[in-house]
Amino acid sequence: MPSARQTRVVVLGATGSIGSQALEIISRYRGQFELLGAVAGHGTQALQEALRPFPGVAAVVVDPDGPVPAGVQVGGDAACQLAADPRADVVLVAGGGAAALLPTLAALDRPCRLAIATKEVLVMAGELVTAAARRSGAEIVPVDSEHSAIWQCLRGESAQDVARLWLTASGGPFRTAPLTTLADATPEMALAHPNWKMGPKVTVDSATMMNKGLEVIEAHFLFAIPYSRISVVIHPQSAVHSAVEFCDGTMVAQLGVADMRAPIALALSGGRRLPGVVSPLDLAAVGRLEFEEPDPGRFPALGLAREAAVRGGGAPAVLNAANEVAVAAFLRGELRFGEVVEVVSEVTGSYSGAPPTTLEEVLAADAFGRTMAGEMVGQLDRRAATGGGRL
Ligand code: MG
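Quick caveat: nothing in here was measured; it's all calculated off a predicted structure.

Participant: Help me out: how do you make sense of the overall build of the protein in this one?
Facilitator: Helix and strand counts for the protein stand at 16 helices and 11 strands. The C-alpha atoms of the protein give a radius of gyration of 20 Å, which matches the 21 Å a tight globule of 391 residues would have. Dimensions along the principal axes, computed over C-alpha positions, put the protein at roughly 65 × 55 × 40 Å. When each of the 391 residues of the protein is scored for burial, the buried share is 52%. Of the contacts made within the protein by residues no fewer than 6 positions apart, 69% connect residues no fewer than 24 positions apart.

Participant: Would you mind showing me how to read the pairing of strand β3 (residues 58-61) here?
Facilitator: Inspection of the sheet shows strand β2 (residues 33-40) paired to β3 by four bridges, in the parallel sense. The residue of β3 that forms the bridge with Val39 is Val60. Each parallel crossover has a hand, and for β2 linked through helix α2 (residues 44-50) to β3 it is right-handed. Pairing of β3 with strand β4 (residues 72-74), which is carried by three bridges, proceeds in the parallel orientation. Bridge pairing in β4 places Val60 opposite Gln73.

Participant: It is not clear to me how the coordination of the magnesium ion should be interpreted in this structure. Could you clarify?
Facilitator: Working reference: metal with six octahedral donors, ideal angles 90 or 180 degrees; metal with four tetrahedral donors, ideal angle 109.5 degrees. Distances from the magnesium ion to its protein donors, Asp144 (OD), Glu146 (OE) and Glu215 (OE), fall at 2.1 to 2.2 Å. Along the chain, the residues donating to the magnesium ion are arranged with the sequence spacing D-x1-E-x68-E. Of the two residues, Glu146 is situated in helix α6 (residues 145-154) and Glu215 in helix α10 (residues 210-223); the sequence distance between them amounts to 69 residues. Residue Glu215 is classed as buried on the basis of its relative accessible area, which comes to 1%.

Participant: Just to check I follow, could you spell out unusual backbone geometry for this structure?
Facilitator: Note on backbone geometry: most residues besides glycine have negative phi, and most peptide bonds are trans. Residues other than glycine seldom take positive phi values, yet Ala224 does so here, at roughly 50°. Within the element layout of this structure, Ala224 appears in the loop between α10 and β9 (230-234). Positive phi is not limited to glycine here, since Ser238 has a value of about 50°. On the secondary structure map, Ser238 appears in the loop between β9 and β10 (240-246).

Participant: Explanation requested: helix α9 (residues 200-208) in the structure shown.
Facilitator: Residues three or four positions apart in an α-helix share a direction because the helix packs 3.6 residues into each turn. Listed as buried for α9 are Thr203, Val204, Asp205, Ser206, Ala207 and Thr208. Lining the buried residues of α9 we find α8 (187-190), α10, α13 (300-311), α14 (315-331) and α15 (337-349). Of the residues one or two after α9, Met209 is the one with positive phi, at around 70°.

Participant: What is the right way to look at the sheet that holds strand β11 (residues 251-255) in this model?
Facilitator: Strands pair in a sheet through their backbones, by hydrogen bonds, and they do so in one of two ways: parallel or antiparallel. If you trace the four strands from one edge of the open sheet to the other, you get β9-β8-β10-β11, paired in mixed fashion. Edge strands, defined here as strands with exactly one partner in the open sheet, are β9 and β11. Ignoring strand direction, the axes of neighbouring strands in this sheet form an average angle of 20°. Sheet topology note: the strand β8 (residues 162-169)/β9 ladder contains five bridges and is parallel. Looking at β9, one finds that Trp166 is bridged to Ser231.

Participant: It is not clear to me how the sheet that holds strand β6 (residues 113-116) should be interpreted in this structure. Could you clarify?
Facilitator: Read from one edge to the other, the open sheet built from seven strands follows the order β4-β3-β2-β1-β5-β6-β7, with strand pairing classed as parallel. Whereas interior strands pair on both sides, the edge strands pair on one side only; in this sheet they are β4 and β7 (139-142). Strand after strand, the sheet turns through a mean of 25° between neighbouring axes, direction not considered. As paired strands, strand β1 (residues 7-12) and β2 are joined by six bridges and run parallel to one another. When the bridges of β2 are listed, Val10 appears paired with Gly37. In the packing of helix α1 (residues 17-28) onto the sheet, the strands contacted are β1, β2 and β5 (90-93), and the crossing angle to β2 comes to about 160°.

Participant: Help me understand the pattern of salt bridges, please; the structure alone is not making it clear to me.
Facilitator: For side chains bearing opposite charge, pairing can occur when the charged atoms are close. Enumeration according to the criterion identifies 20 salt bridges in this entry. Lys201 is the partner of Glu120 in a salt bridge, and the nearest nitrogen-oxygen pair spans 3.0 Å. Remark: Lys201 occurs in helix α9 and Glu120 occurs in helix α5 (residues 119-136); sequence separation between them is 81 residues. Residue classification places Lys201 among the partly exposed residues on the basis of a relative accessible area of 21%. A salt bridge links Glu215 to Lys212; the nearest nitrogen and oxygen atoms lie 2.7 Å apart. Of the two residues, Glu215 and Lys212 are both situated in helix α10; the distance of three residues between them amounts to about one turn of the helix.

Participant: Can you help me understand a nonpolar patch on the surface in this one?
Facilitator: On the surface, a nonpolar cluster with roughly 370 Å² of combined accessible area is contributed by Leu255, Leu283, Leu289 and Phe291. Mapping Leu283 onto the fold places it in helix α12 (residues 283-286).

Participant: It is not clear to me how the domain arrangement of the protein should be interpreted in this structure. Could you clarify?
Facilitator: Frequently, the measure chosen for interface size is the accessible area that the parts lose on association. Its domain assignment divides the protein into domain 1 (7-143), domain 2 (151-257 + 294-308) and domain 3 (312-391). Once you take the C-alpha centre of each, domain 1 and domain 3 turn out to be 27 Å apart. Contacts between domain 1 and domain 3 engage 10 residues on the former and 11 residues on the latter. Here domain 1 packs against domain 3, burying approximately 790 Å² in sum over the two surfaces, 72% of which is carbon and sulfur. Remark: the boundary between domain 1 and domain 3 carries zero salt bridges. Inspection of the region where domain 1 meets domain 3 yields one residue pair in polar contact (both at pLDDT 80 or more).

The rules behind these values
- Residues numbered from 1 in each chain as written.
- Predicted model: local features only at pLDDT ≥ 70, side-chain atom pairs only at ≥ 80, totals over all residues.
- Heavy atoms only, no water.
- Helix = DSSP H or I, 4+ residues; strand = E, 2+ residues; numbered from the N terminus.
- Rg over C-alpha atoms; globule rule 2.2 N^0.38 Å.
- Buried < 20%, exposed > 50% of the residue type's maximum accessible area, 1.4 Å probe, protein only.
- Contact = heavy atoms within 4.5 Å.
- Pairing = 2+ DSSP bridges.
- Right-handed = clockwise from strand over helix to strand, strands pointing away.
- Donors = N, O, S within 2.8 Å, 3.2 Å for Na, K, Ca; no water.
- Axes fitted to C-alpha atoms, helices over the stretch in contact; angles between N-to-C directions.
- Salt bridge = Lys/Arg side-chain N within 4 Å of Asp/Glu carboxyl O.
- Patch = residues over 30% accessible without salt bridge, like charges linked within 9 Å, V, L, I, M, F, W, Y side chains within 5 Å.
- Areas by Shrake-Rupley, 256 points an atom, 1.4 Å probe, with all protein chains shown as cover.
- Domains from an automatic or database assignment.
- Buried area = accessible area lost by both parts, 1.4 Å probe.
- Polar contact = N/O pair within 3.5 Å; in protein donor to acceptor, adjacent residues only side chain to side chain.

Below you can see the structure in the form of structure tokens.
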């Protein structure tokens, strides 16, 4: 049965892993979706190539890495304007980390559906983002696979019956690696995720398990559940994408293949099931489902993120900013793997600002985290370069 009209979509972060898979879904289900416009962070040519199947749609590059052809707009303001396009039914926020915050808030100025893949936005400014959605009547729907799972498990249930959210974590590439080898793991090793194909930032975050820590904060804001009722369990098969425990002791879990196109399509459609998005999970082929407690000695980032979460105020924004800087430095070869969490811990521990209540104050906490982490990376890198060893 044809729908009344197509769902109009704006994609922020169109050249990243989630963005390009979203464009594939929009192109494959053209009867359902219409692309209105797309934003890329830097890659002008990559954006043009990504938009080839969509002639005539609006294109914005925030900070172009090369010459910009006619018809492509440039800058953060243009990105915010596109995000705020009143014709868009859905704005997908993908990629960009903290840089996605301003266009996210611009989108939430009206009652649209915000499909959020960039967890950093909720981590740094969860209160501001959820308050903006409440004010305008916008709906925030998750794209992150764990949160999409929880969203699906909660459908038709009452909020007061929810006892606990269970986020599953694959454990990443270093779940069973000897602890002594972790400090010097290379970017290549950290980027070899066993189950999921994702962008480099989130893949390194999965290796440290900072990703799961950020996801605990993301879940808190998406589902309005206190931190004491959000748990993490390692599940190496990545078949159970997360679960909800209800007051009667029942647990409901969502299972599926590890393919982001499933949660992307579900978020774009507002929860409607589109036929054949991914192949179904072959349960017999999966064979066994294993679950284990995360080891805090192996994954200190998880406890660090939880601590910042419970502290609240600007602490999660500082944690997130320091982590973005440290991960980028690790990927450039300026930081050892073990130093990523060390930098984040040090920087977050040194923050003592008052809880931010405005966008400017959130951005100040973010800037504090970035500056401090940048300085620390510089010190560690210089010490390594001069052969002085490392902390
Ligand atoms: Mg996830």
